Amino acid sequence: MSAPVFSVIIPVFNKWELTAVCLRSLREHTPDHDFETIVVDNGSRDDTAHALQAPGESLFGQRFTRIRFEENRNFGPACNAGAKAASAPLLFFLNNDTLLTPGWAPPLLDALAADPCLGGVGPLLLYEDRTVQHLGVAFSLSRVEHLYRDFLPDHPAVTRKRRLQAITAAALMLPRELFFQHEGFYEDYRNGFEDLDLCLRIGQTGKHFACAPASVVIHLESRTPGRKDNDAHNSALLTQRCRSLFRPDKHLHGLRDGFLPFIDDSLDIGLRLKDEDEERLARTVLDQPPAVWHERCREHPYWVRGREYLAGILEEQGLAAEALACRIEVADILNLAQSSRNLMLAAARLGDAETLAAAEASYQRLAERGRDKTLCRTLLREAAERGDARLEALYEEKLREISR
């Protein structure tokens, strides 16, 4: 039997029901490719421990391998063990909380074959409601985040080809040789940021990463128990190991995609629509009912004025809960003390104690940090030291605003 073209490596910990569905979708939607499947069980205590082997062999025959740890060694060690057992020249790391869709594999294989400078490629990851969960990682000076989360998959910013510094290992294909040249996933992380660390190390050799939007995978996201428990540890470790390896690029992505970058009151990079685009959208829905405004807001996730106007209409119609949802979206986009204050007032009118408490906490945090001239000067200096004139200009503008 010849070697497979790629090896699918799935680390699992409990949640057998997710693994079973994931494996079935992998078999169903990868019919014409020679691949192997390796599932690494991180000491599961549910049905995974005894139910995995039979369906694995039934679905994939001799191309199925089960690796069992008696204790949970976390994501990195599990993936590294799967990679060592793999026989294909390409590795495809895949979370078990995913569902493959028809035609997912060819765009990834084609992308790697076409570009020798491509270190790795991933599919477009969508939530169950078919909005974007992940199409790449964006970096600011003090934050990493998924780019264009909640956008519709046909938005021009989503379908545009772009170079990335990192993508998630929830669904990541890369050459096996390259993976081991860089010693695989660093194992001191605890189920998070291993992928960023690996991508940034690979990036130092001149490689870049990409998302192939023609390849779609549904990601149920973070269904593993305790997935976020170690974020503080992982973030500190990433900063310690990789602070000098990444460059802030959220504002650059935003500029290329026609958005307006700004520094929000957390003193980090935000994106919104340009004024002319805000006005253009408003003209397309003048005198239209709220449903039309709502649909346009869904199509344009950064449309602030549309959400503010829609919130006002809904409040006039007595639909306070729906109006509050619009103001929550505005606060999330702008991350400004004033937008949090507006949300506080709306939550108080509705009597929503939970939202009011969250908005009050956000207001206090942003009001204090957003006026911190010392921190703003520090970030301005860091942008200058990195030689990023555009980011430097954004912090200079924010510092002038704070100083007024």
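Each chain has its residues counted from 1, running along the sequence as written. Local features in a predicted model are, by the rule used here, given only for residues with pLDDT of at least 70; side-chain atom pairs are given and counted only at 80 or more, and totals for whole chains, interfaces and linings are based on all residues. Only hydrogens and water are removed before side-chain values are computed, so all heavy atoms of the structure are retained for them.

Asks: Give me the overall build of the chain: which residues, what numbers.
Replies: Scanning the chain for helices and strands turns up 18 helices and 13 strands. For 404 residues, the compact-globule estimate of 2.2 N^0.38 gives 22 Å, and the C-alpha radius of gyration of the chain, at 23 Å, lies within 12% of that figure. Structurally, the chain occupies a C-alpha span of about 70 × 50 × 40 Å along its principal axes. Burial classes follow relative accessibility: with a 1.4 Å probe on protein chains only, a residue under 20% of its type's maximum area counts as buried, one over 50% as exposed, and anything between as partly exposed. A total of 404 residues make up the chain; the buried ones form 52% of that total. Contacts between residues were defined by any pair of non-hydrogen atoms, one from each residue, lying within 4.5 Å. A fraction of 72% describes how many contacts in the chain between residues 6 or more apart in sequence connect residues 24 or more apart. Here the open area of atoms and residues is found with the Shrake-Rupley method and a 1.4 Å probe, where only the protein chains shown may cover a residue. By element, 49% of the accessible surface of the chain is carried by carbon and sulfur atoms, the whole surface being about 18300 Å². Secondary structure follows DSSP: runs of H or I at least 4 residues long count as helices, runs of E at least 2 residues long count as strands, and numbering of each begins at the N terminus. Radius of gyration: C-alpha atoms only; globule rule: 2.2 Å multiplied by the number of residues to the exponent 0.38.

Asks: Help me get a handle on a positive patch on the surface, residues and values and all.
Replies: Patch definition: residues above 30% relative accessible area lacking any salt bridge, with like charges linked at up to 9 Å and the nonpolar side chains Val, Leu, Ile, Met, Phe, Trp and Tyr linked at up to 5 Å. Salt bridges are defined as contacts in which a side-chain nitrogen from Lys or Arg sits within 4 Å of a carboxyl oxygen from Asp or Glu. A residue counts as positive if it is Lys or Arg and as negative if it is Asp or Glu; His and the chain ends are not included. Note that the charge is assigned to NZ on lysines, CZ on arginines, CG on aspartates and CD on glutamates. Positive charge collects at one region of the surface, where Arg371, Lys373, Arg377, Arg400 and Arg404 lie side by side. As for its position among the elements, Arg371 is in the loop between helix H16 (353-369) and helix H17 (373-385). Judged by relative accessible area, Arg371 falls into the partly exposed class, the value being 45%.

Asks: For unusual backbone geometry, give the residues involved together with the corresponding values.
Replies: A positive phi angle, close to 65°, is found at Asp287, a residue other than glycine. With respect to the helices and strands, Asp287 occurs in the loop between helix H11 (275-284) and helix H12 (290-299). Given the relative accessible area of 81%, Asp287 is considered exposed. Positive phi, normally seen in glycine, also occurs at Asn335, with a value near 50°. On the basis of relative accessibility, which here comes to 15%, the residue Asn335 falls in the buried class.

Asks: Tell me what's going on with the packing of helix H15 (residues 337-350) against H16, and back it up with residues and numbers.
Replies: Axis geometry follows a simple rule: fit a line to the C-alpha atoms, using only the stretch in contact for helices, then measure angles between N-to-C directions, giving values from 0 to 180 degrees. In contact at an axis separation of 8 Å, H15 and H16 are set at 160° when each is read in the N-to-C sense. Classified by the angle between their axes, H15 and H16 sit roughly antiparallel to one another. Considering the relative orientation of H15 and H16, their crossing is left-handed. Along its contact with H15, which presents Ala337, Ser340, Arg341, Leu343, Met344, Ala347 and Ala348, the element H16 presents Thr355, Leu356, Ala359, Glu360, Ser362, Tyr363, Leu366 and Ala367. We call Asp, Glu, Lys and Arg charged. Ala, Val, Leu, Ile, Met, Phe, Trp, Tyr, Cys and Pro are nonpolar, and the rest, Gly among them, are polar. Of the residues belonging to the contact of H15 with H16, the class tally is ten nonpolar, three polar and two charged. An angle counts as roughly parallel when it lies under 35 degrees, as roughly antiparallel when it exceeds 145, as roughly perpendicular when it falls between 65 and 115, and as oblique in every other case. Here a crossing is taken to be left-handed if its near helix is turned anticlockwise relative to the far helix by less than a right angle, and right-handed if that turn runs clockwise.

Take it as geometry only, folks, not as evidence of what the structure does.
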